[in-house]
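# Coordinates in review
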Amino acid sequence: MNTVIIGAQWGDEGKGKIIDILSDKADYIVRYQGGSNAGHTVVVNGKEYIFHLIPSGILRAKKVCCIGNGVTIDPQALIKEISGLREAGIAVDNRLKISYLAHIILPYHKVLDELRETKGVRKIGTTRRGIGPCYADKINRCGIRVVDLLNPASLREKLNDNLKEKNEIFKKVYRHPGFDFNSLYKEYLNYGKIISPYACNTASLLDKAIKNKKDILFEGAQGTFLDIDFGTYPYVTSSSTTSGGSSIGTGVAPLNINNVIGVAKAYTTRVGEGPFPSEFPPVFGKFIREKGSEFGSTTGRPRRCGWFDSVMIKEAVLLNGISELALTKLDILDGLKEIKVAYAYKYKGKTFTEFPCDSMVLKNAKPVYKEFPGWNKSIDKIRCYADLPKNAKAYISALADISGVRISMVSVGSGREDTIFLD
Ligand code: GDP
Ligand code: IMO
Ligand code: MG
């Protein structure tokens, strides 16, 4: 059984925790898009691990973890993550496989990301990890890939071509001195040596795994509404975060993907700029941010918070083919008198029950809410659905009804054990 796990909102839904749980029964865990903009948190026996590039399944011994061709790799971030795992006593050798075809993030991508955010015409609120500029080079056919780091002649030619053009842009547009060929060449050739034991043809590796009836878990990063096509463009990331990205980003054919699980918070959060119809007013937003520790796992930025938005979730179900939802952070809603769920938007007298494509509509849309009574009890120690307060069960079942998919897991804390299985 090959399953894709995706974020159904704007990222940080708790994918890391859900992937860690499901990876117990998988053989391969594969990242297929994004890069070190991701921050996936897993808490095991009270110890917190945050993964940016390495799949969250790495904590389970013997599982093979792949970084697919669709991921953008910052070698500095990758090496730091590998060393951190080694220091924690987690062996990655022979278990980490990196696609020859994945694109490499270079310092000029990160600096350009930063300059566009600080001096450009439109601030997106990116993580400044160089993701957008690296994907732009990929599409522009001038990217440098893992395979190029392993071939000195190829790296020399490609880096030289890139710097010729980019240094002119840095100097003329941004008044930045640009980058020195020799030092970058030496540095990245060395990264190639470090990465080389992990590099391989991951598409072929996964094909063999499928033929041997192994189970693959595809670890989505970011979330549906950060998707380059279907998200709240231009306030999105630069990759295909929806389930279809798993095929393009790994070389596993769509017919070999059997199931899609969406991860959604019991409310909504977003980091960075862009429309957010169900966003809380500032004082309540601060209260939930602090209660839910809603600060970015990668950048530490405060996350914006709002009510659960079923217009978005229904769209996420449609775009990803979600068959079941894992609902996270329900414990954060403990003690609220009333909980709201957006089920439509109003704009200029018109009611929208489908997610609008026009960003101007979304920016000015006013959500229409259904209200639910809260529960005045802590649920973080509950492990069985039947033991949840009546109003919590009613909330879960209403979310499943409005979203049109069953909820198979409810998470009530950050630890592995803080999970209720509904099946
Ligand atoms: P991801 O990017 O989707 O993997 O999510 P992040 O790791 O960026 O953010 C989710 C945060 O919520 C992390 O700090 C998790 O440890 C935490 N978390 C996950 N599920 C729950 C839950 O059910 N309850 C609480 N209180 N925290 C959770
Ligand atoms: P995980 O995998 C939440 C957001 C950034 C910004 C936009 C573009 O942990 O859920 P980028 O650096 O990708 O060009 O930034 O996307 N963003 C995320 N938000 N979770 C993430 O990853 C994100 N990765 C990028 O905040 O709004
Ligand atoms: Mg995250």
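In what follows, the structure referred to is the one given above.
I will try to describe carefully the structure that is included in this document. Only a predicted model underlies this, so the values are computations on that prediction, with no experimental measurement involved.

### Details of the overall build of the chain
Looking only at helices and strands, the chain has 13 helices and 20 strands in total. Its C-alpha atoms give the chain a radius of gyration of 22 Å, near enough to 22 Å, the size a compact globule of 423 residues would have. Referenced to the eigenvectors of the C-alpha coordinate spread, the extents of the chain come out at roughly 65 × 50 × 40 Å. A buried classification covers 58% of the 423 residues belonging to the chain. Distance from the positive charge centre (60 side chains) to the negative charge centre (45 side chains) of the chain: 2 Å.

### Considering the coordination of the magnesium ion (ligand 3)
Coordination sphere of the magnesium ion (ligand 3), protein contribution only: Asp 12 (OD) and Gly 39 (O), at 2.1 to 2.2 Å. Residue Asp 12 is located in the loop between β1 (3–7) and α1 (15–22), and its partner Gly 39 is located in the loop between β2 (28–31) and β3 (40–44); the two are separated by 27 residues in the primary sequence. Owing to a relative accessible area of 22%, Asp 12 belongs among the partly exposed residues under this scheme. You can call Gly 39 buried: its relative accessible area is 11%.

### Describing the packing of aromatic side chains
Taken as a whole and judged by the stated rule, the model has 15 aromatic pairs. Ring plane angle 65 degrees and centroid distance 6.3 Å describe the contact between Trp 10 and Phe 225, whose orientation is recorded as edge-to-face. Here Phe 225 lies in the loop between β10 (216–219) and α9 (245–248) and Trp 10 lies in the loop between β1 and α1, a separation of 215 residues in the sequence. Ring geometry for Phe 372 against Tyr 395: centres 5.9 Å apart, planes inclined by 70 degrees, an arrangement best described as edge-to-face.

### Concerning the environment of Tyr 185
Among the structural elements, Tyr 185 can be located in helix α7 (residues 181–195). Tyr 185 sits 212 residues away from Ser 397 along the chain, and the two C-alpha atoms are 56 Å apart. With residues up to four places along the chain from it excluded, the contact list for Tyr 185 reads Pro 152, Leu 155, Arg 156 and Leu 159.

### Digging into the nonpolar core
By size, the foremost hydrophobic cluster in this structure holds 66 residues, and its most contacted members are Ile 322, Leu 330, Leu 333 and Tyr 395. Considering every element that reaches this core, the biggest residue donor is helix α13 (residues 390–403), with seven residues. When residues of this core are assigned to domains, at least three map to each of domain 1 (2–99 + 200–260) and domain 3 (265–421). If we ignore the near neighbours within four places in the chain, the residues touching Leu 333 are Ala 266, Tyr 267, Lys 291, Ile 339, Trp 375 and Tyr 395. Counting residues in each nonpolar core, the second largest holds 53 residues, with Ile 5, Ile 54, Ile 79 and Leu 106 among its members.

### Here's the deal with the site of ligand 2
Lining the immediate environment of ligand 2, one finds 20 residues, of which Lys 15, His 40, Thr 127, Gln 222 and Thr 237 sit closest. Measuring from an oxygen atom of ligand 2, one finds a backbone N or O atom of Gly 125 at 3.3 Å. Between ligand 2 and the protein, one listed contact pairs an oxygen atom with a backbone N or O atom of Gln 222 at 2.8 Å. Out of a free accessible area of 550 Å², ligand 2 has 97% covered by protein chains. Grouping the amino acids of the shell around ligand 2 by side-chain chemistry returns seven nonpolar, 10 polar and three charged.

Criteria and cut-off values
Residues numbered from 1 in each chain as written. Chains lettered and ligands numbered in written order. Predicted model: local features only at pLDDT ≥ 70, side-chain atom pairs only at ≥ 80, totals over all residues. Heavy atoms only, no water. Helix = DSSP H or I, 4+ residues; strand = E, 2+ residues; numbered from the N terminus. Rg over C-alpha atoms; globule rule 2.2 N^0.38 Å. Buried < 20%, exposed > 50% of the residue type's maximum accessible area, 1.4 Å probe, protein only. Lys, Arg positive; Asp, Glu negative; His and termini not counted. Charge placed at Lys NZ, Arg CZ, Asp CG, Glu CD. Donors = N, O, S within 2.8 Å, 3.2 Å for Na, K, Ca; no water. Phe/Tyr/Trp six-rings, centres within 6.5 Å; stacked < 30°, edge-to-face > 60°. Contact = heavy atoms within 4.5 Å. Core = buried A, V, L, I, M, F, W, Y, C linked by side-chain atoms within 4.5 Å. Domains from an automatic or database assignment. Near = heavy atom within 4 Å. Polar contact = N/O pair within 3.5 Å; in protein donor to acceptor, adjacent residues only side chain to side chain. Areas by Shrake-Rupley, 256 points an atom, 1.4 Å probe, with all protein chains shown as cover. Nonpolar A, V, L, I, M, F, W, Y, C, P; charged D, E, K, R; others polar.

This is a description of form; function is not addressed.
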